[in-house]
Structure formats: C-alpha cells, structure tokens
Amino acid sequence: MTRETERFPAREFQRDLLDWFARERRDLPWRKDRDPYKVWVSEVMLQQTRVETVIPYFEQFIEQFPTLEALADADEDEVLKAWEGLGYYSRVRNLHAAVKEVKTSYGGKVPDDPDKFSKLKGVGPYTVGAVLSLAYGVPEPAVDGNVMRVLSRLFLVTDDIAKPSTRKRFEQIVREIMAYENPGAFNEALIELGALVCTPRRPSCLLCPVQAYCQAFAEGVAEELPVKTKKTAVKQVPLAVAVLADHEGRILIRKRDSTGLLANLWEFPSCEMDGADGKEKLEKMFGEQYGLQVELTEPIASFEHAFSHLVWQLTVFPGRLISSESTKEPFRLVSEDELEAYAFPVSHQRVWREYKEWAGGVRRPD
C-alpha cells in the first residue's frame, strides 16, 4: 500500500466513479464490441489523437480489415493508405507487424497474458492495460495522459508526469484502487473522467462525481496540476517541394525511406533549403543525385506543418520533368487518378491541394 492510498476509501470511490460512467459513458463504435482485435485497433488510433477524429477512421479501418487475419494479410501500402491523415504512422506500422506475429505465433488470437502481449511490437504498458482489461478483464492499469491528470489531482501528486518514475507511481496507485471485479470499466471510467470532466484547462470540478475524494479540489489547486516539464524549442526545417508533370501529364512522386519519419509513405520530391534558393536547390538535387532534368516555375504556396519535435516550412514549386525515361526507384510516375491510391502524409496532401488550385487557375508548364 502506498502512502497515497493508505487511507483512501477505494470502494466508495469505485462505486461513485462506475455509477457515473454507467450514466454518462459516450456511445463510441469501439465500445460496441469487445473483440480484442478491435479494442487494440481503437487504442492504437486513440494514442495522441482526438476521439472525434478517430471515429470515422476506426469505422473505415474495421470495414476494410474486419479481422486480425485480414490486417495481417494486407499489403503495407494498403494499410498506410487506410491510415492516411491520422499521423504518427509508426503506430500502424507497429500494429501491422504485431498482428502478423499474433497470426503466426498465437494462431490469430490476441494473447491475454500481459508478458506475451507486451513483447509484441509497439505494445507498451498503457496498451497492455487498456486492451487486456477491456477485452479480457485482466486487472492491468491503463495509465494515459487523462489518467495521470486525474490521479495527480485526486492524490495531489506534484511529481513531473513526463518522468517514467511518475508513470510507474500512478500505475501502482491504480493497482491499489482498482475495481478488480470490473477492471475494464474502471480503467475506461478513469480515462472518460479525464476526457469529459477532469480536463487540462478549466476542469468541471463542481460536476465531478468523485470531487469528494479529490485533494487538489480541497486545496484549490486543481488547475495547477499535473506538473509537466515544458518542451524544448522545436527545430525549424525549411523544405523546397517540387510537383512535376511529364509530357504525358503524369506526376512524379517519391517513396520515403523504410525507416525514420513518415517511413514508407509517398511524397512529392523535396530537399532542405538551408537558406539557399529553393528552386536552385531542387534543380541541383534532381540533376546531381538522380540525373533528372527539370524546369521549375516560381513558388505557388508556402506553409508550415508541425510535428511533435520539428516544424516543416514547405515552399511548393510546380514544374515539368523534361526527360522521364531515366526515372527509377524511389521515384514513380503516376496519373492524377492513380495518385489517389498512394498514401501521403498530411503535409503532402496539402501540397497536392495547393498545386491543384494553382493548376486550375493557370496553364500547367508545357
């Protein structure tokens, strides 16, 4: 028993929290079926993504890959296309690899053992707790950002939640206050409380079903918690992006590397500008690195796209590919209709929209 929970009325807290959840729980598509595979997909999608954004993606993804076997057998490009726009693509690449292992090593059944499940690619402590408690009733804690915020206020924890040691502390607290007869509902209720009531800013303390147990509310410091280290300044990366059409109107696209940021997605060719003229940098890159001759016009758009650790500053240059005979991997020439089948990151989806707007208003380069 930790010092936080030593005198905590866990049974009364469980009752009030679960009664509230039974009344107020949202009607979400992944709550209609406790199939471990579907629970797993939803939890992966919900990492770092808002519920409202996830709903249509989840429904479309499950329609396209209704079973674990269907996802395991799918081509990676098909899977990436289904994920297009959700971001953080390493999530779906890890999920794809993990379900393949489940198919080969566990006969297609998601393992209900925490040790086995945690060894799958991309499966961390939160995913273990969420999937196994919701699908199998395994009493494992599911501590995400919502839960850390709730617990930091309930127990007046002032430790930095960015530290792994603080997460471990919260996991132990959950183990000690969990409703072991219904761990899935308990985990889900804590998460729901953080999403709907115990919000990051202006928490609805007067509407909170467990306000009576909250030390931060009693002390009047709920809005000051949790404590989290401020992020360091993100790196700014200026990129020149080329949208090139050949004499047949086909568009030149490039597949990104198989590792690193946005791995295996498709994009319009680009290079870092480094303070230099973007048009010159692109023409030099195509000529020296790939032996391709191009002609570019002046830029048609500039915008920023932020990641968690860097910001791309994209400048879009339309142009034409003078000779396409030497085009080879990682490049591909595709028609505008064919282009729709390829998975592009959000930033390059916008590049294409900007190009289409420009092309609709002016004559494309001959």
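Owing to the predicted nature of the structure, the values given are computational and were not obtained by experimental measurement.

### Details of helix H8 (residues 125–136)
Taking 1.5 Å of rise per residue, the 12 residues of H8 would be expected to cover 16 Å, and the 16 Å separating its terminal C-alpha atoms lies within 8% of that figure. For H8, the set of buried residues is Tyr126, Thr127, Val128, Gly129, Ala130, Val131, Leu132, Ser133, Leu134 and Ala135. Its buried side turned inward, H8 meets helix H2 (36–46), helix H7 (114–118) and helix H11 (183–196). Trailing H8 by a residue or two, glycine 137 shows a phi angle of about 75 degrees, which is positive.

### Here we look at the nonpolar core
Core analysis: the largest hydrophobic core is formed by 66 residues, its most contacted members being Trp40, Phe61, Phe117, Ile251, Ile253 and Phe268. Beyond its immediate chain neighbours, meaning those up to four positions away, phenylalanine 61 contacts Tyr37, Val41, Met45, Leu71, Ala82, Trp83 and Val92. Among the nonpolar cores identified, the runner-up in size contains 42 residues, and Ile173, Phe186, Leu190 and Tyr213 belong to it.

### Description of the state of the cysteines
Within this structure, the stated rule accounts for zero disulfides. No disulfide involves cysteine 208; its sulfur sits 6.3 Å from that of cysteine 198, the nearest cysteine. Its sulfur unpaired, cysteine 214 is 6.3 Å from the next cysteine sulfur, which belongs to cysteine 205.

### Re the packing of helix H5 (residues 76–83) against helix H6 (residues 90–105)
Across the interface, H5 lies against H6 with an axial gap of 10 Å and an inter-helix angle of 135 degrees. Relative to H6, the element H5 lies oblique. Considering how the two elements wind past one another, H5 and H6 form a crossing that is right-handed. For the pair H5 and H6, the contacting residues are Glu76, Val79, Leu80 and Trp83 in the first and Arg91, Val92, Arg93 and His96 in the second. Looking at the contact of H5 with H6, its residues break down into four nonpolar, one polar and three charged.

### A word on the pattern of salt bridges
Oppositely charged side chains can form a pair if their charged atoms are brought close together. Counted according to the given criterion, the structure contains 22 salt bridges. Residue arginine 26 is joined to glutamate 192 by a salt bridge in which the shortest nitrogen-to-oxygen separation is 2.9 Å. Taken together, the residues arginine 26 in the loop between helix H1 (10–24) and H2 and glutamate 192 in helix H11 connect sequence positions 166 residues apart. Residue glutamate 354 is joined to arginine 350 by a salt bridge in which the shortest nitrogen-to-oxygen separation is 3.3 Å. A residue pair is termed a helical-turn pair when its members lie 3 or 4 positions apart in one helix, as glutamate 354 and arginine 350 do in helix H15 (residues 346–361) at four residues. On the basis of relative accessible area, arginine 350 is assigned to the partly exposed category, the value being 31%. Here the residues in one salt-bridge network are Arg26, Arg31, Arg34, Glu188 and Glu192, joined through shared partners.

### Looking at the packing of H2 against H8
Axis separation between H2 and H8 bottoms out at 9 Å; the angle between their running directions is 145 degrees. Judged by the sense of rotation from one axis to the other, the crossing of H2 with H8 is right-handed. Here Pro36, Val39, Trp40 and Glu43 of H2 come into contact with H8, specifically with Tyr126, Thr127, Ala130, Val131, Leu134, Ala135 and Tyr136. Class assignment of the residues belonging to the contact of H2 with H8 gives a composition of nine nonpolar, one polar and one charged.

### Considering the confidence of the model for the protein chain
A residue-level look at the protein chain finds 97% of positions with pLDDT of 70 or above and a mean pLDDT of 93. Here helix H13 (residues 278–290) is the element of the protein chain with the lowest mean pLDDT, 91, and helix H4 (residues 68–73) is the one with the highest, 98.

### A closer look at the side chain of glutamate 192
Owing to a relative accessible area of 1%, glutamate 192 belongs among the buried residues under this scheme. Here arginine 26 takes part through its side chain, which lies 2.9 Å from a polar atom of the side chain of glutamate 192. Ignoring sequence-local partners within four residues, the contact set of glutamate 192 consists of Trp20, Phe21, Glu24, Arg25, Arg26, Arg31 and Val197.

### Some thoughts on unusual backbone geometry
In the segment running from leucine 225 into proline 226, the intervening peptide bond is cis, with an omega of 0 degrees. With respect to the helices, strands and loops of the structure, proline 226 is situated in the loop between helix H12 (215–219) and strand S1 (235–245). Between glutamate 329 and the following residue, proline 330, the backbone shows a cis peptide bond with an omega angle of 10 degrees. On the secondary structure map, proline 330 appears in the loop between strand S7 (310–321) and strand S8 (331–334).

### Looking at the packing of aromatic side chains
Scanning all chains against the criterion turns up 17 aromatic pairs. Relative to tyrosine 213, the ring of phenylalanine 13 lies with its centre 5.6 Å away and its plane at 90 degrees, an arrangement referred to as edge-to-face. Linking phenylalanine 13 in helix H1 with tyrosine 213 in the loop between H11 and H12, this pair joins segments that are 200 residues apart in sequence. Taking relative accessible area as the criterion, phenylalanine 13 reaches 0% and is therefore assigned buried. Look at tyrosine 290 and phenylalanine 331: their rings are 4.6 Å apart centre to centre, the planes differ by 85 degrees, and that puts the pair in the edge-to-face class.

Conventions used here
Residues numbered from 1 in each chain as written. Predicted model: local features only at pLDDT ≥ 70, side-chain atom pairs only at ≥ 80, totals over all residues. Heavy atoms only, no water. Helix = DSSP H or I, 4+ residues; strand = E, 2+ residues; numbered from the N terminus. Expected span 1.5 Å × (residues − 1). Buried < 20%, exposed > 50% of the residue type's maximum accessible area, 1.4 Å probe, protein only. Contact = heavy atoms within 4.5 Å. Core = buried A, V, L, I, M, F, W, Y, C linked by side-chain atoms within 4.5 Å. Disulfide = S-S within 2.5 Å. Axes fitted to C-alpha atoms, helices over the stretch in contact; angles between N-to-C directions. Parallel < 35°, antiparallel > 145°, perpendicular 65-115°, else oblique. Left-handed = near helix turned anticlockwise from the far one by under 90°. Nonpolar A, V, L, I, M, F, W, Y, C, P; charged D, E, K, R; others polar. Salt bridge = Lys/Arg side-chain N within 4 Å of Asp/Glu carboxyl O. pLDDT = per-residue confidence, 0-100. Polar contact = N/O pair within 3.5 Å; in protein donor to acceptor, adjacent residues only side chain to side chain. Phe/Tyr/Trp six-rings, centres within 6.5 Å; stacked < 30°, edge-to-face > 60°.

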